[in-house]
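The residues making up each chain are set out below.
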Amino acid sequence: MEGMDGSMHHDMDMQAMEMGGMGEFGGIPESRDASGTSWQPDETPMHAHHMMMKNDWSVMLHYNAFVGYDRQSGPRGDHQFNSINWLMLMASKTAEDNELTFRTMLSLEPWTATTQGYPLLFQSGESYKGRALVDRQHPHDLFMEVAARYRRVIQQGSVLSFYVAPSGEPALGPTAFPHRMSAMDNPAAPISHHWVDSTHIAFGVVTLGLARKQWQIEGSWFNGREPDEHRWNFDPLKLNSYSGRISWNPTPEWSAQVSGGFLKSPEELHPEENVHRYTASVTRGRKLGQTAHLAATAGWGVNVVSGERSHAIFAEGDYSNGSWNVYGRAEYVQKTGEELDLAPDHAKWDVTQISVGASRELVSGKPFQAALGTSISYTFAPSELRSLYGDHPIGFWIFLRVRPAAMTMNH
């Protein structure tokens, strides 16, 4: 830190890396910002390292990494030692009436979880070597986000925003699961992912938004095709799909959104199929003291393909008191034969999955957190699928999780 005096404000001490002040722009709290341009409750803690640089630039570093063992039971199950991870670097320069932000988010999952992804019963979406990825969660691409956002306060205190991303997230769905506080302690992706927030990595996004105090309305033009199996590069950039979203934060503890969009040819294996997607969600985040926090999200999504609808509903929660993290998720998803790589394609099965877990923080008073945890999931599968999944489809994780400590206000 001593050698950085020429580029860092002198009023910052050693802990300022972890305790940068959380302000606001145009009446919108900084803590409200989430993945892409989505909103979360104002009382959501920010797990990040923060620096104030010269020329009014602010730099934040976020990361979340799980290293562990994943075992999924039954004939379609598998096991794997892996790491689920991401790192984000964000730089912002804020003036009185305008702000410019650059953001890069990277993941090593194509290496640490393989290009085929990690085992996860009843998960579906994307493809690998010409086959549908089923009972596995695909790895995130190296370039999860490469984006810039410009915001300007216009007449009467409204904020106009422009977001452009070679790799980024359009205005469709709630905050993506890797960033949701209600999901951040859970190493596994939701099996409802491809009904709710699967567009959080799109190679080509342009979003225009208008926000005022508690409301935000946005429209996006983006690439509807899901990332391909080549995870280390940029996919061809296209703008062939569109979406719109309205977000509402009525109080610091609540955030809600409704959204809808048209996805052109999202699946590589079924290029002739387009998808209309509609979602709605509500999130609550509440601080329960200096270190305790409660987060919960409930959401719904529907995909409409060739006039056929399939629905997904999920509810998840996370409680943390600084020493223990306890979390859970319940999901109901209508999986089709096409989704599960089963004949006939148009068949539809009701799948309900419940997962619970806990982790124990191993360090305290540090600029980072390290926790040892475990989780277990149980799926209530249709009787017709028992020969494929067994009578009691169970998933099990044990893991070490590392991330920055939650930031607090500087006074």
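Scroll up to find the structure this text is about.
About the thresholds
- Residues numbered from 1 in each chain as written.
- Predicted model: local features only at pLDDT ≥ 70, side-chain atom pairs only at ≥ 80, totals over all residues.
- Heavy atoms only, no water.
- Helix = DSSP H or I, 4+ residues; strand = E, 2+ residues; numbered from the N terminus.
- Buried < 20%, exposed > 50% of the residue type's maximum accessible area, 1.4 Å probe, protein only.
- Polar contact = N/O pair within 3.5 Å; in protein donor to acceptor, adjacent residues only side chain to side chain.
- Contact = heavy atoms within 4.5 Å.
- Phe/Tyr/Trp six-rings, centres within 6.5 Å; stacked < 30°, edge-to-face > 60°.

**Student:** Is there a simple way to explain the side chain of Gln334 in this structure?
**Tutor:** Checked against the element boundaries, Gln334 lands in strand β18 (residues 324-336). Classification of Gln334 as buried rests on a relative accessible area of 13%. Polar side-chain contacts of Gln334 include one of 2.9 Å to the backbone nitrogen of His311. Side chain to side chain, Gln334 and Tyr332 meet in a polar contact 3.4 Å long. Once residues lying within four places of it in the same chain are set aside, the contact partners of Gln334 are Trp195, Arg309, Ser310, His311, Lys348, Trp349 and Asp350.

**Student:** Explain the packing of aromatic side chains here, please?
**Tutor:** Aromatic ring pairs are reported here in terms of the distance separating the ring centres and the angle at which the planes meet. Per the counting criterion, the structure on display carries ten aromatic pairs. Where Phe66 meets Phe399, the ring centres are 5.3 Å apart and the plane angle is 75°; that geometry is what we call edge-to-face. Placement of Phe66 in strand β4 (residues 57-72) and of Phe399 in strand β21 (residues 394-404) is noted, with a sequence separation of 333 residues between them. The buried category is assigned to Phe66, whose relative accessible area is 4%. For Phe399, a relative accessible area of 2% translates into the label buried. Relative to Trp397, the ring of Tyr118 has its centre 5.4 Å away and its plane inclined at 80°; by these criteria the two rings are edge-to-face. You can see Tyr118 sitting in strand β7 (residues 118-128) and its partner Trp397 sitting in strand β21, a full 279 residues away along the chain. We note that Tyr118, like Trp397, is buried. Ring pairs connect the aromatic residues Phe143, Phe203 and Phe234, which therefore count as one cluster.

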